[in-house]
Amino acid sequence: MGKEHRDFLQIPDFTKSELLALFGIAERMRSGKYKKKPLAGKTLAMIFMKASTRTRVSFEVGTYQLGGHALFLSPRDVQLGRGEPIADTARVLSRYVDGIMIRTFAHQDVEEFARHAEVPIINGLTDMVHPCQVLADLLTARQHVKTKLENLVVAWIGDGNNMANSWINAAYRFGFELRIACPEGYEPADHLVARAKGSATIVITRDPAEAVKGAHVVNTDVWASMGQEDEQRQRERAFRGFSVNAALMKRADKNAIFLHCLPAHRGEEVSADVIDGPQSRVWDEAENRLHMQKAIMAALMGGESLK
């Protein structure tokens, strides 16, 4: 092994032109025009320290569709769960597989994996960022919003969590306007906001109505993410008034789309008439995880050019 390789830990790991090339590949995959099998004879190790429906199924199916094989590794299946150093696991897996996808808690664990692995590392989610999901969201915006990515106005309503952080990274790369409405104490990562403000308009507000005014994309997530269930009551109090409902959607652009990375709690962060209504694109968004991740794997593991 020991060859040069690239990792995908967060959105700015790719340049703007490389991200546009990735979207182009993903769109060819979605339309059925992409017939290559760049992962033929290759294996992706999928490490899940956090459970998932969409991440597991989309990566496993995507690897298979590109001609490769995916291995599901839960905490019970890897020695990480019993205290083997990350560096050792990374070195060992690099001798067996052609790429590693990790879904875990601490972002620094993925960074440490990348430092010691000799194959591409793909971040399937950390507590800090969820880059594959937000690229899928941008792919959905390209599919359904007539505006160029650079001219988008995106509203994020709710927790300043890993999704909000990844939207900030996306705004940093593309320069679109991002408005985040979150309660006090639930802001996104300061260092990511500071970096993005150099190339994008980032607004942090306490008022969802201000955030969604004229927005092309309205996006939210559950109030208590995985591992925060014990905070559910406290968060329900903090996030009162931060539900995306029909009245809020009326303030957005008339052709605005609603996105949610799922699973959703109808009646909490979003009303049923919005998520199940005509402006919702959550099912296309979920499907686009498959196409986007296939494009990423084709580029990092299969030699697909992003030039």
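Note that the structure is a prediction, hence the values are computed from the model and not measured.

## Points about the packing of aromatic side chains
As enumerated under the stated definition, the model contains seven aromatic pairs in all. Ring geometry for Trp 223 and Phe 239: centres 5.8 Å apart, planes at 10 degrees, overall stacked. Linking Trp 223 in the loop between β8 (217-220) and α9 (232-238) with Phe 239 in the loop between α9 and α10 (246-251), this pair joins segments that are 16 residues apart in sequence. For the pair shown, Trp 223 and Phe 239 are each scored as buried.

## Describing the state of the cysteines
Applying the stated criterion across every chain yields a total of zero disulfides. Looking at Cys 132, it has no disulfide partner, and the nearest cysteine sulfur is the one in Cys 261, 13 Å off. Assessed through its relative accessible area of 0%, Cys 132 is described here as buried. Its sulfur unpaired, Cys 182 is 16 Å from the next cysteine sulfur, which belongs to Cys 261. For Cys 182, a relative accessible area of 0% puts it in the buried group.

## Examining unusual backbone geometry
Residue Pro 263 follows Leu 262 across a cis peptide bond; omega there is 0 degrees. Non-glycine residue Leu 125 carries a positive phi angle of around 155 degrees. Following the sequence through the fold, Leu 125 ends up in strand β4 (residues 121-125). Look at Leu 125 and you get buried, because its relative accessible area is 6%. Along the chain, Leu 262 falls in the loop between β9 (257-260) and α11 (272-275).

So, how was this worked out
- Residues numbered from 1 in each chain as written.
- Predicted model: local features only at pLDDT ≥ 70, side-chain atom pairs only at ≥ 80, totals over all residues.
- Heavy atoms only, no water.
- Phe/Tyr/Trp six-rings, centres within 6.5 Å; stacked < 30°, edge-to-face > 60°.
- Helix = DSSP H or I, 4+ residues; strand = E, 2+ residues; numbered from the N terminus.
- Buried < 20%, exposed > 50% of the residue type's maximum accessible area, 1.4 Å probe, protein only.
- Disulfide = S-S within 2.5 Å.

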